[in-house]
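# Structure assessment
So the chains spell out like this:
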Amino acid sequence: MENRRGLGLRLIFVCVFLFATTYTCLGIGNVSVICSEHERLALLNFKHSIQDPFEMLSSWVGNECCMWEGIQCDGVTGNVQRLKLNADSYYDFFTRNKVSSSLAELRHLKYLDLSGNGFFLGSQIPEFIGSFKQLTYLNLFDAGFEGIIPPQIGNLSNLKMFDCGLDRTHLSSPRLNFSTLSNIQHLDLSYNPLGGIFLSFLTNMSSLRVLDLSDTMLNSSLPIMPKLLELHLDIFLITSLSRLSMLESGDSATCNS
């Protein structure tokens, strides 16, 4: 009987040991992840380039950048994979009219959320975002950007979600080739003055499920009916589409399937 009890205790000990080892090795919760020094300095440079009246980046001190607010790292390499600096609770977390190029050093980013801040008012979406080749999520909704959407965005072949709604950006065709974004599932260009841009590239987005073109002035800026018809036909050829919104100043044109 005692031997069985001893064996049982040993098994419990082994299980606890293996669980603790796995928990530590995988860096769950970033407990044991060692921050990349190169990327830590890049984040600090970004912090120093902005004003932070709400002290949202007060945790950005010390050497363990993987433990900082809004940061998530790879559990093995310590490289920053997620940067979440969206304004959920306050408006305008930060004050700055340009995105610091130091963020370009975060080359392993898969998730970038700068939405709701409005602190980039008057600046253009930085071209270096196109260098984040592993990026799958890019949320710039109401971030205050203006000017053209840089063609470098077309380099993000792994992108699944792109939202730059409520900014004052516009497309510059044919320099921006959305046809390379074949994996995109959610595309929101709402409330941007897209003008008469020809959107035939959409038919190449075989994974697109949600498309929001609300208040983009597409209809009003396409006086030639054949072009307007061609635009709509291109959209409805997207068989994967489950939600389409083309709301224009009070007109209801949202379709769900």
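Each chain has its residues counted from 1, running along the sequence as written. Local features in this predicted model are restricted to residues whose pLDDT is 70 or higher, and side-chain atom pairs enter the listing and the counts only when it is 80 or higher, whereas totals over whole chains, interfaces and linings include all residues. Side-chain descriptors were evaluated using all non-hydrogen atoms of the structure, hydrogens and water having been removed beforehand.

- The chain goes by Leucine-rich repeat-containing N-terminal plant-type domain-containing protein in an unreviewed UniProt entry, where it is assigned to Lactuca sativa.

### Details of unusual backbone geometry
- We note that Asp142 has phi near 55 degrees; this positive angle belongs to a residue other than glycine.
- Strands here are runs of E lasting at least two residues and helices are runs of H or I lasting at least four, both read from the DSSP assignment and numbered beginning at the N terminus. On the secondary structure map, Asp142 appears in the loop between strand 4 (137-139) and strand 5 (146-148).

### Section: the side chain of Asp163
- Relative to the helices and strands, Asp163 is located in strand 6 (residues 161-163).
- Throughout, a contact is declared for two residues whenever any of their heavy atoms are within 4.5 Å. In this view, Asp163 contacts Leu138, Asn139, Leu140, Phe141 and Asp188; residues no more than four positions away in its chain are not counted.

### A short note on the UniProt feature "domain: Leucine-rich repeat-containing N-terminal plant-type" (unreviewed entry) in the chain
- Residues annotated by UniProt as "domain: Leucine-rich repeat-containing N-terminal plant-type" (unreviewed entry) correspond here to residues 37-74.
- A distance of 14 Å separates the end C-alpha atoms of residues 37-74, which is 32% helix and 8% strand. UniProt positions are given in the numbering used here, feature names are shortened, and annotations may be inferred rather than shown by experiment.

### Things to note about the environment of Leu41
- With respect to the helices and strands, the residue Leu41 is situated in helix 2 (residues 37-48).
- Residues Leu41 and Asn63 lie 22 residues apart in sequence; the distance between their C-alpha atoms is 9.4 Å.

### What to know about the environment of Gln134
- Within the fold, Gln134 resides in the loop between strand 3 (111-113) and strand 4.
- Since its relative accessible area comes to 34%, Gln134 is described here as partly exposed.
- Spatially, the C-alpha atoms of Gln134 and Leu159 are 7.8 Å apart, while their sequence positions differ by 25 residues.
- In contact with Gln134, other than residues within four places in its own chain, are Arg107, His108, Leu109, Lys110 and Asn158. Only protein chains enter the accessibility calculation, which uses a 1.4 Å probe; a residue is then buried when its area is under 20% of its type maximum, exposed when over 50%, and partly exposed in between.

### Examining the confidence of the model for the chain
- Summing up the model confidence of the chain, the mean pLDDT is 74 and the portion of residues at 70 or higher is 61%.
- Each residue carries a pLDDT score, the predictor's confidence in it, ranging from 0 to 100. Low pLDDT (under 50) marks residues 16-31, which in the prediction has 14 contacts with non-local residues, meaning those over four places away or in another chain.
- Within the model, the stretch residues 221-230 combines pLDDT values under 50 with eight contacts to residues more than four positions away or in other chains.

### Things to note about the state of the cysteines
- Here, two cysteine sulfur atoms that lie within 2.5 Å of each other are counted as a disulfide. Tallied over the entire structure, the rule returns two disulfides.
- Across the chain, the way the bonded cysteines pair up, counted in sequence order, is 1-2, 3-4.

### Details of the pattern of salt bridges
- Salt-bridge detection follows one rule: a side-chain nitrogen of Lys or Arg within 4 Å of a carboxyl oxygen of Asp or Glu. If you walk through the whole model with that rule in mind, you get two salt bridges.
- With a closest N to O distance of 2.9 Å, Glu37 and Arg40 form a salt bridge. Here Arg40 and Glu37 lie together in helix 2, a separation of three residues that amounts to about one turn.
- A relative accessible area of 11% means that Arg40 is categorised as buried.

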